Every structure is written in C-alpha cells, then in structure tokens.
Amino acid sequence: MILESLHKIKKAEAEVKERIEDSKGEAIRIIEKAKAEAEKLLAEKAKNSQRQAEKMREDAGEEAKNEGLTIANEWKKETEELSKEAQKNLEKAKELILRSLLG
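Residues numbered from 1 in each chain as written. Predicted model: local features only at pLDDT ≥ 70, side-chain atom pairs only at ≥ 80, totals over all residues. Heavy atoms only, no water.

Caption draft 1: Seen up close, the overall build of the protein. For the protein, the count of helices and strands is one helix and zero strands. With respect to the principal axes defined by its C-alpha atoms, the protein has extents near 150 × 10 × 10 Å. Counting across all 103 residues of the protein, residues that qualify as buried make up 0%. When the accessible surface of the protein is split by element, carbon and sulfur atoms take 60% of a total near 10,100 Å². Taken together, the 23 basic and 24 acidic charged side chains of the protein have centroids lying 2 Å from each other. (Helix = DSSP H or I, 4+ residues; strand = E, 2+ residues; numbered from the N terminus. Buried < 20%, exposed > 50% of the residue type's maximum accessible area, 1.4 Å probe, protein only. Areas by Shrake-Rupley, 256 points an atom, 1.4 Å probe, with all protein chains shown as cover. Lys, Arg positive; Asp, Glu negative; His and termini not counted. Charge placed at Lys NZ, Arg CZ, Asp CG, Glu CD.)

Printed below as a string of structure tokens:
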C-alpha cells in the first residue's frame, strides 16, 4: 500500500513536470505570437504614417500650385488694368502732342 502510494506520488510528480513543460512551451508560443503581431502592427502603422506623410506632401504641393495660380491670375488682372490705364494715358498724350503741334 505504501509502495502503491509512492508510485501514485511519482506518477503525479511526472504529470506535474509534464504540465509545467507544456505550459512553458505554450507561454513561449504565446509570446512569439504576440511579438509577431506587434511587429506586423508596427509595420502597418509605419506604412500608414508614410502614406499619410505622402498625402500631406501632395496636398501641400497642390495647395502651393493653387496659390501660385491665384497669384498669377491676380497679377495678370492687375497687369491688364495697368495696360488699359497706360493706353488711356497714351491716347491723352497723343492728343496733347497733336494740340501743341497744331497750335
């Protein structure tokens, strides 16, 4: 009976050791899986950040282009107005010169 009890104790100890080893293996697998998922998530976030930075750069370029067009259009309008004003003054100057020549 004592021998049988010792045998049961030895068997229980072996089962506990086996469970401990299984648990260690499972813990390692869980940690490795978590690391892989973290690396995947980090790579994804880095890729998203890169895409966002590229989009911001493109948006800034588009905004600068639009602002440049606005400035160019304003300059063209002002230039046309100055040209028209200059034409009016040219006509007045011609009339003044003709009057002074004709007496």
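Caption draft 2: View of the pattern of salt bridges. Inspection of every chain in the model, using the stated rule, returns eight salt bridges. Notably, a salt bridge pairs Lys24 with Glu21, separated by 3.7 Å at the nearest N-O pair. Taken together, the positions of Lys24 and Glu21, both in helix α1 (residues 2-102) and three residues apart, correspond to about one turn of that helix. Using a relative accessible area of 47% as the deciding quantity, one classes Lys24 as partly exposed. A salt bridge links Lys94 to Glu91, with the shortest nitrogen-to-oxygen separation between them at 3.8 Å. In this pair, Lys94 and Glu91 both sit in helix α1, three residues apart, roughly one turn of the helix. (Salt bridge = Lys/Arg side-chain N within 4 Å of Asp/Glu carboxyl O.)

Caption draft 3: Region of interest: the environment of Asn48. Here Asn48 lies in helix α1. The spatial distance from the C-alpha of Asn48 to the C-alpha of Gly68 is 30 Å, given a sequence separation of 20 residues.

Caption draft 4: Here's a closer look at a negative patch on the surface. A cluster of acidic residues, Glu74, Glu78, Glu80 and Glu81, forms a negative patch at the surface. If you trace the backbone, Glu74 turns up in helix α1. (Patch = residues over 30% accessible without salt bridge, like charges linked within 9 Å, V, L, I, M, F, W, Y side chains within 5 Å.)

Caption draft 5: Representation of a nonpolar patch on the surface in the model. Together, Ile2, Leu3, Leu6 and Ile9 give the surface a local cluster of nonpolar side chains, amounting to about 450 Å² of exposed area. Considering the arrangement of structural elements, one finds Ile9 in helix α1. Among the residues examined, Ile9 registers a relative accessible area of 46% and is labelled partly exposed.

Caption draft 6: Up close: the environment of Glu54. Position of Glu54 among the secondary structure elements: in helix α1. Residues Glu54 and Arg99, 45 residues apart in the sequence, show an inter-C-alpha distance of 67 Å.

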